[in-house]
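Letter by letter, the chains look like this.
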Amino acid sequence: MNRNKPEYARGLDIRHGRVEMSHGAGGRAMAQLIAGLFAPAFDNPYLASGNDGALLPQVTGRLVMSSDSHVVSPLFFAGGDIGSLSVHGTINDVAMMGAQPLYLSASFILEEGFPLSDLKRIVDSMSSAAKAAGVPIVTGDTKVVECGKGDGVFITTAGVGVVRDGITLSGELAQPGDAILLSGTIGDHGMAVLSQRENLGFDAPIVSDTAALHGLVDTMLDSGARLRVLRDPTRGGLAATLNEIARQSGVGMMLQESAIPVKRAVESACEFLGLDPLYVANEGKLIAICDAQDAPRLLETMRAHPLACEAAVIGEIVADSYNFVQMTTKLGGRRVVDWLTGEQLPRIC
Amino acid sequence: MKYVDEFRDGALARNIAAHIALEATAPSGYRLMEFCGGHTHAISRYGIADLLPPNVRMIHGPGCPVCVLPIGRVDQAICLAREQGVILCTYADTLRVPCSDSLTLMRAKADGADVRMVYSTQDALNISRDNPGREVVFFAIGFETTTPPTAVAVRQARTAGLHNFSILCNHVLTPAAMHAILATGSKVALDGFVGPAHVSTVIGSQPYEPFARDYGKPVVIAGFEPLDVMQAILMLVRQVNAGRAEVENEFTRAVSRTGNLKAQALVDECFELRDAFEWRGLGTLPHSALQLRPEFAGFDAELKFGIGYVAVADHKACECAAILRGEKHPRECRIFGTACTPASPVGSCMVSSEGACAAHYTYGRFREAAQ
């Protein structure tokens, strides 16, 4: 009698198991990790086909592609985790080009010894984020590095999307006179991660703003406002992103400090730690630059969306050959809002 | 934020500004030195210069602990990390100060030296506890504000028998620097000082009395919030107008005449005056810095590792020295904003956010562009 049961393998012990080198070696263990953890969570026919790549239906229109790596520490924080962050991050990068995100890929670098239960939590979170956003994860990869050579898990996602006809958004299109809009409060994500990491336990918990912004972008495009630039102020915060745009467009900016929304708890935490919220990362906010005449209409559209109800016009584009981002302070003086020097907060996304 | 927003209020600022404009009528103008880097930073960050009339001029002083540290002192720290194999613990700002051989502590770290950024002396003590087989040196810098925490750490290390812990002591004294600025031969004509905020919480307002009495210079101790600074400027203008030279205290919510006696006792228990100490910009000043007392010699990294101090000249084009003495404005330095920027500083004043050059570059360089 043949005692070999066909295709038998002991199931993954997700509750107590840990990542082993064999999970990235291309053999049975890796196949089991994919079949037992990734495939059921991400569940879509492109992934289920089990090929080296996803064969996707034909699309019409200009394509946008973007990629984003995530190394956040700690992996779990108030309002999200590395999983949801990695989905939102790439969706937002695609959406900032004015594109409807269609598909994502996800690549994992796992550290030997990482608990499978934590990995499952992360993968489930990615799955929920992708499903909520309506953007499936259609292909991926898993590698394992020896214990001590990684930090739990690093995730790289890539995304493709298609841009509506007639829409062209780019960082080089800002023109003097244009209005600068911001979709909500700044610094929430960075301070949520930092307070978790440093065990700061502020009375009012600060929650990350990580969110997929393509729905908001959709309504903004629908509004018909003449949009020139969309960008999400992630690492380096509002200040870095505005400086990037100013340089790309060859313009200056004049901001009003009193118009920039900051949550009280974030402001206090920043003050306490000697940080400037202008430089703290966001993961669910966007900057929009549009023709000044259309700003009231765009602002109204944004405020009607749940992810931008605190949107505000924070300044305007000015002609300036130095490309300075300047700000009128609450006190009534003027200052430059400069590029960040060095790093304010490492490992934030 | 309670106790913060009140001191950043735009309407109040305009009100004080109006009083300053109305009262600052002396034809010779008002040259006021803000001693502290914290004030320099506040003035630049909040754009206070825009609220002052042109005849009230703020001159940046030497009160930035990273800026006054001469190259030779950072060289000592790098030597400890690279050649003695110690874990060198330092506050973040010091990491980027350029020193000999185009090195910084950050470059030494990238090169393999074990340099760690800490937020407090307690972090450094914890590193000593966690690494009993390694020597751990805390790069102790700063004025009177950061000295008491260093004293606490040294006492704790002695109590806990942490013999792998020591400090590279570079604590300096504010009044000594003010004396140097006012000493005969100084090229700066000053009408008064915005006196230190945090330093004064420790030493009190009393140590400034000789400057008012002997040099005839008004001193107004001010907090680091923008309205503190503006109120202090108004108080200085009023003293100058009335021909008074007194020590006044705007920062009464934190500073008393005698200061923090407990902190002073702690510092006195652990430290004694050095005979002399070299400052960047101010030269070698007698009795201007501290060293550990003989009973704490085991925690003195200079003695423990036998590293002597070698003075090193600043970069030839760098004007940090004149800027620290208040003789020059950052824009008068040839390499300001060209060879020397916050991303690749040549001199120490471009490193710390409290440095006059870094503050002016980061917040105020549109002013030159507009000229």
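Worth saying up front: this structure is predicted, and the values here are computed from it rather than measured.

Caption draft 1: Here's a closer look at the interface of chain A and chain B. The interface is formed by 17 residues belonging to chain A together with 24 residues belonging to chain B. Considered class by class, the residues forming the side of chain A that touches chain B number 4 nonpolar, 7 polar and 6 charged.

Caption draft 2: Expanded view of helix H10 (residues 226-242) of chain B. Residue and element names in this part refer to chain B. In a regular helix each residue adds 1.5 Å, so 17 residues correspond to 24 Å; H10 covers 25 Å between its end C-alpha atoms and thus fits that length. Most of H10 is tucked away, with 14 of its 17 residues classed as buried. Gly-243 occupies a position one or two residues after H10 and carries a positive phi of about 70°.

Caption draft 3: Focus on the sheet that holds strand E9 (residues 247-249) of chain B. All names here are of chain B. Spatially, the 5 strands line up as an open sheet ordered E2-E1-E7-E8-E9, and their pairing is parallel. Edge positions in the sheet fall to strand E2 (56-63) and E9, since each has one partner strand and no second. Going from strand to strand, the sheet's axes swing by 25° on average, the running direction of each strand aside. Pairing geometry for strand E7 (residues 192-195) and strand E8 (residues 219-221), over 3 bridges, is parallel. Pairing of Val-194 across the sheet is with Val-220, part of E8. In the packing of helix H2 (residues 37-45) onto the sheet, contacts are made with strand E1 (30-36), E2 and E7, and the angle to E1 comes to roughly 120°.

Caption draft 4: Quick peek at the nonpolar core. One finds Val153(A), Leu181(A), Ala288(A), Leu88(B), Val137(B) and Ile233(B) to be the most contacted residues of the largest nonpolar core, which totals 223 residues. When residues of this core are assigned to their parent elements, the largest contribution, 10 residues, is made by H10(B). Non-local contacts of Ile233(B), meaning those with residues more than four positions away in its chain, are made with Ile20(B), Leu32(B), Leu52(B), Val56(B) and Val194(B).

Caption draft 5: Region of interest: the packing of H2(B) against helix H14 (residues 356-364) of chain B. Residue and element names in this part refer to chain B. Two elements in contact, H2 and H14, have axes separated by 9 Å at closest approach and are oriented at 15°. As summarised for this structure, H2 and H14 are arranged roughly parallel, according to the angle between their axes. Remark: the crossing between H2 and H14 carries right-handed chirality. Contacts from Thr-40, His-41, Ser-44 and Arg-45 in H2 reach Ala-356, Ala-359, His-360, Tyr-363 and Gly-364 in H14. When its residues are assigned to classes, the contact of H2 with H14 shows 3 nonpolar, 5 polar and 1 charged.

Caption draft 6: How the structure looks around the pairing of strand E9 (residues 252-256) of chain A. Residues and elements named next belong to chain A. Here 4 bridges tie E9 to strand E11 (residues 312-318), and the two strands are oriented antiparallel to one another. Note that in E11 the partner of Gly-252 across the bridge is Val-318. In the sheet, E9 pairs with strand E12 (residues 325-328) via 4 bridges, with the strands oriented parallel. Within E12, the residue paired with Gln-256 across the bridge is Thr-328.

Cut-offs applied
- Residues numbered from 1 in each chain as written.
- Chains lettered and ligands numbered in written order.
- Predicted model: local features only at pLDDT ≥ 70, side-chain atom pairs only at ≥ 80, totals over all residues.
- Contact = placed C-beta atoms within 7 Å.
- Nonpolar A, V, L, I, M, F, W, Y, C, P; charged D, E, K, R; others polar.
- Helix = DSSP H or I, 4+ residues; strand = E, 2+ residues; numbered from the N terminus.
- Expected span 1.5 Å × (residues − 1).
- Buried ≥ 20, exposed ≤ 12 C-beta atoms within 10 Å, placed from the backbone.
- Pairing = 2+ DSSP bridges.
- Axes fitted to C-alpha atoms, helices over the stretch in contact; angles between N-to-C directions.
- Core = buried A, V, L, I, M, F, W, Y, C linked by C-beta atoms within 7 Å.
- Parallel < 35°, antiparallel > 145°, perpendicular 65-115°, else oblique.
- Left-handed = near helix turned anticlockwise from the far one by under 90°.

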